[in-house]
Amino acid sequence: MGGKVKNFEEIPCEEKLKMLSKLLLAWDGQWFLKTVQAVGLEKAIEQNTLVRTSFAKIEMREMLRLLGVEKAQNLANAIEIIQQYVVLFGGNRLQTDWAIDGAFHLTIKVRRCPAVEGAKKAGLKRVDQPCVACQHLWPAWLSVLLPEKHWNCTILASIGRGADTCHIEVGTK
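Predicted, not measured: the structure shown is a model, and the values here were computed from it. (Residues numbered from 1 in each chain as written. Predicted model: local features only at pLDDT ≥ 70, side-chain atom pairs only at ≥ 80, totals over all residues. Heavy atoms only, no water.)

**Student:** Could you clarify how one ought to interpret the packing of aromatic side chains in this entry?
**Tutor:** Geometry of an aromatic ring pair is reported as the spacing of the ring centres plus the angle between the planes. Counted by the stated rule, this structure contains 5 aromatic pairs. Summarising the aromatic geometry, the rings of W98 and W138 are spaced 5.4 Å apart at their centres and angled 80 degrees between planes, so their arrangement reads as edge-to-face. Separated by 40 residues along the polypeptide, W98 in strand β1 (residues 95–100) and W138 in helix α5 (residues 129–145) bring together distant segments of the chain. W138 sits in the buried class, given a relative accessible area of 3%. One aromatic cluster is present, built from ring pairs that chain together Y85, F89, W98, W138 and W141. Over the ring of F8 we find K16, and its NZ or CZ is 4.0 Å from the ring centre. Positioned over the ring face of F104 is K149, at 4.4 Å from the centre of the ring. (Phe/Tyr/Trp six-rings, centres within 6.5 Å; stacked < 30°, edge-to-face > 60°. Helix = DSSP H or I, 4+ residues; strand = E, 2+ residues; numbered from the N terminus. Buried < 20%, exposed > 50% of the residue type's maximum accessible area, 1.4 Å probe, protein only. Lys NZ or Arg CZ within 6 Å of the ring centre and 35° of its normal.)

**Student:** Is there a simple way to explain the environment of E9 in this structure?
**Tutor:** Here E9 shows up in the segment before α1 (13–39). Distance from E9 to G68, taken between C-alpha atoms, is 27 Å for residues 59 residues apart in sequence.

**Student:** I would appreciate a short explanation of the pairing of strand β4 (residues 166–172) in the present structure.
**Tutor:** Regular strands place their side chains on alternate faces of the sheet. Burial analysis of β4 places 5 of its 7 residues in the buried class, which makes it a mostly covered element. In this sheet, β4 lies alongside strand β2 (residues 105–112) in antiparallel orientation, the contact comprising 6 bridges. Residue T107 lies in a different strand from β4, and its bridge partner there is E169. Both strand β3 (residues 151–157) and β4 contribute to a ladder of 6 bridges, which runs antiparallel. The partner of T154 across the bridge, within β4, is E169. (Pairing = 2+ DSSP bridges.)

**Student:** Before we go on, may I ask you to explain helix α3 (residues 75–90) in this structure?
**Tutor:** Along an α-helix, a turn takes 3.6 residues, which lines up residues three or four apart on a common side. The terminal C-alpha atoms of α3, which comprises 16 residues, lie 22 Å apart, in line with the 22 Å expected from a rise of 1.5 Å per residue. Of the positions making up α3, those classed as buried are L75, N77, A78, I79, I81, I82, Y85, V86, F89 and G90. Buried residues along α3 sit in contact with α1, α2 (41–67), β1, β2, α5 and β3. Where α3 begins, one side-chain oxygen reaches toward the backbone nitrogen of A76, 3.2 Å away; that side chain belongs to N74. G91, located one to two residues past α3, shows a positive phi value of around 65 degrees. (Expected span 1.5 Å × (residues − 1). Contact = heavy atoms within 4.5 Å. Polar contact = N/O pair within 3.5 Å; in protein donor to acceptor, adjacent residues only side chain to side chain.)

**Student:** Could you clarify how one ought to interpret α2 in this entry?
**Tutor:** Over its 27 residues, α2 extends 38 Å from the first C-alpha to the last, a length consistent with the 39 Å expected when each residue adds 1.5 Å. Three or more residues of α2 are buried, namely L41, A44, I45, N48, T49, R52, T53, A56, E59, M60, M63 and L64. Looking at the buried residues of α2, the elements they touch are α1, α3 and α5. G68, located one to two residues past α2, shows a positive phi value of around 75 degrees.

**Student:** What's the story with the packing of α1 against α3 in this structure? I'm lost.
**Tutor:** Packed helices, taken two at a time, are described by their axes: the angle between them and the distance between them. Relative to each other, α1 and α3 sit at 85 degrees, their axes nearing to 6 Å. In terms of their interaxial angle, α1 and α3 are classed as roughly perpendicular. Listed contacts from α3 to L17, S21, L24 and L25 of α1 are L88, F89 and G90. (Axes fitted to C-alpha atoms, helices over the stretch in contact; angles between N-to-C directions. Parallel < 35°, antiparallel > 145°, perpendicular 65-115°, else oblique.)

Structural data, given as structure tokens:
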């Protein structure tokens, strides 16, 4: 690390984004851990779910604004927008497979979840807290991207609850 200090302008945008995504995830993790210390794990999980759901809507509104559109064209376009955001926010840490079944149904398989990995590293007695928030995350994102529908989510299996992969079904009621 010794040597000449780089000017900020010399650092490639990819390196800046990578650092920013790490810091965002660290901030989120630290917020959660400090909340656990202040109010206990169960109450912190409730609060995290509320905050994550609210922030999810902000995330997608900002993505739409950045892309210069009012809403996604269809479910496939909505997934593209979510995937772009996930890479921007967390790099390539979240590893998923997506399958669209019909106009308003989506199956998501998560092979790697950095939020669960963080919960395990933190040594919490429950590592499913990201799973609790995740159930509300997908409907929140899609309610902004495709607002004409009411979205629901069912988590059939999750890494945070001992499965090898997450199996998430998202659709309209």
